[in-house]
Amino acid sequence: MTRSENVLSDLFSEDGSRRNLTVYLAVLAVGLLYHASVFWFIMGDEIQAKDELINYTIEFEETSEQFSDSRTINDGEKETLEYTAPADLFNAKSGFGLLRITVSYAETSGEFGDPCDTVSADLTLTDVSADWNNVNNELSGVASDCETLSLNLYIYPEYDGQPKEVTGMDAPHWKNAWSDSSYGQGIFELDIEVIVNEPITSGIPTVSDTNEKVDVVWEAVFYDVFVQETP
Ligand SMILES: [Ca+2]
Ligand SMILES: [Ca+2]
């Protein structure tokens, strides 16, 4: 007889051993039941929770601040205007959403029949952290009819001012995701060039157009973010 057969025969050989085996099997059965219940009641809840992730609505409330600047630029010349968004807004608001720029002008020579000059504006790509490749950016423009140029640069990635629906995580996570104050920090540079269009009477020595006054308004649009469970 091998040793293992000995053990089995020993187990069944006496009443005492048989009782031991019964106790052992009972303990084993309780253990299996316990693991099964843990799986179905506890793990089961977790599995269900993953199927029922919470939806959140992210909304933005905008606050903007404007800064006006002006230059008189000579014919054929280019000037660079600089702008930095107000530091207090970075602290007070959740984020810097977008930058709007308007460039406006008229003919100021006072000469009769003097046509509008040609004004071009280009927002230079700088190392300011912004959504420079956003398809809705308008980084340059040109006008020859005294029309106002409207440029814009989206600053915070994926910001468009519209409410967003997201799923999972929790409210603080989504609030943090929209509260990075590093976006939009730094100096923006706007190049403006003027090409004068002279009046047809400019052959007369006293009649001429040599420059134009250009008005620029920088508008920094900041936002506060609000996150709520979607009902
Ligand atoms: Ca002109
Ligand atoms: Ca002019």
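Refer to the structure presented above.
Remember, predicted model here, so these are calculated numbers, not experimental data.

Conventions and cut-offs
- Residues numbered from 1 in each chain as written.
- Chains lettered and ligands numbered in written order.
- Predicted model: local features only at pLDDT ≥ 70, side-chain atom pairs only at ≥ 80, totals over all residues.
- Helix = DSSP H or I, 4+ residues; strand = E, 2+ residues; numbered from the N terminus.
- Buried ≥ 20, exposed ≤ 12 C-beta atoms within 10 Å, placed from the backbone.
- Contact = placed C-beta atoms within 7 Å.
- Pairing = 2+ DSSP bridges.
- Axes fitted to C-alpha atoms, helices over the stretch in contact; angles between N-to-C directions.
- Core = buried A, V, L, I, M, F, W, Y, C linked by C-beta atoms within 7 Å.

> Is there a simple way to think about the overall build of the protein in this case?
Each helix and strand counted, the protein has 4 helices and 9 strands in total. What you see in the protein, going N to C, is helices and strands ordered as α-α-β-β-α-β-β-β-β-β-α-β-β. When the 231 residues of the protein are sorted by exposure, 20% land in the buried category. Looking at the protein alone, contacts between residues at least 24 apart form 80% of all its contacts between residues at least 6 apart.

> I tried to follow the environment of E165 on my own but got confused; where do I start?
Mapped onto the secondary structure, E165 falls in strand β7 (residues 164-167). Given 9 C-beta atoms within 10 Å, E165 falls into the exposed group. Ignoring sequence-local partners within four residues, the contact set of E165 consists of N55, T57 and T230.

> Even after reading the chapter, I still don't get the sheet that holds strand β8 (residues 188-195), so can you show me in this structure?
Backbone-to-backbone hydrogen bonds join strands into a sheet, with any given pair of strands oriented parallel or antiparallel. The strand order across the open sheet built from 4 strands is β2-β8-β4-β5, with neighbouring strands paired in antiparallel fashion. With one partner strand each, in any of the chains shown, β2 (77-83) and β5 (140-143) form the two edges of the open sheet. Looking at each pair of strands side by side, their axes are set apart by 15 degrees on average, direction ignored. Where strand β4 (residues 118-124) and β8 come together, 7 bridges link them in antiparallel fashion. Looking at the pairing, D122 lines up with D191 of β8.

> Honestly, the nonpolar core in this entry has me stumped. Any pointers?
For soluble globular proteins, the rule of thumb is that nonpolar side chains tend to be buried together. By size, the foremost hydrophobic cluster in this structure holds 38 residues, and its most contacted members are L99, I101, V103, I155 and V214. Counting only elements with at least two residues in this core, the list comes to β1 (55-74), β3 (95-105), β4, β6 (149-154), β8 and β9 (211-229). In terms of residue count, β9 provides more of this core than any other element does, 9 residues in total. Dropping the residues within four chain positions of it, L99 is found in contact with N152, L153, I155, F188, W218 and A220.

> Sorry, what's going on with unusual backbone geometry here?
The general pattern is negative phi for most residues beyond glycine and trans for most peptide bonds. Even without being glycine, E158 reaches a positive phi, approximately 70 degrees. In this fold, E158 is placed in the loop between β6 and β7. In this structure, M169 takes a positive phi of about 55 degrees despite not being glycine. With respect to the element layout, M169 can be found in the loop between β7 and α4 (171-177). Looking at M169, the number of C-beta atoms within 10 Å reads 14, which means it is partly exposed.

> Looking at this structure, how should I read the environment of S182?
Mapped onto the elements of the fold, S182 is located in the loop between α4 and β8. Look at S182 and you get exposed, because 11 C-beta atoms sit within 10 Å. Linking S182 and Y156, residues 26 residues apart in sequence, is a C-alpha distance of 9.3 Å.

> Explain the sheet that holds β1 here, please?
The strand order across the open sheet formed by 5 strands is β6-β3-β9-β1-β7, and the pairing between neighbours is antiparallel. On the outer flanks of this sheet lie β6 and β7, each paired with one strand and no other. For this sheet, the mean inter-axis angle between neighbouring strands, taken without regard to orientation, is 25 degrees. Sheet topology places β3 next to β9; 10 bridges connect them, and they run antiparallel. Its bridge partner lying in β9, G95 is registered against Y223.

These figures capture arrangement, not role.
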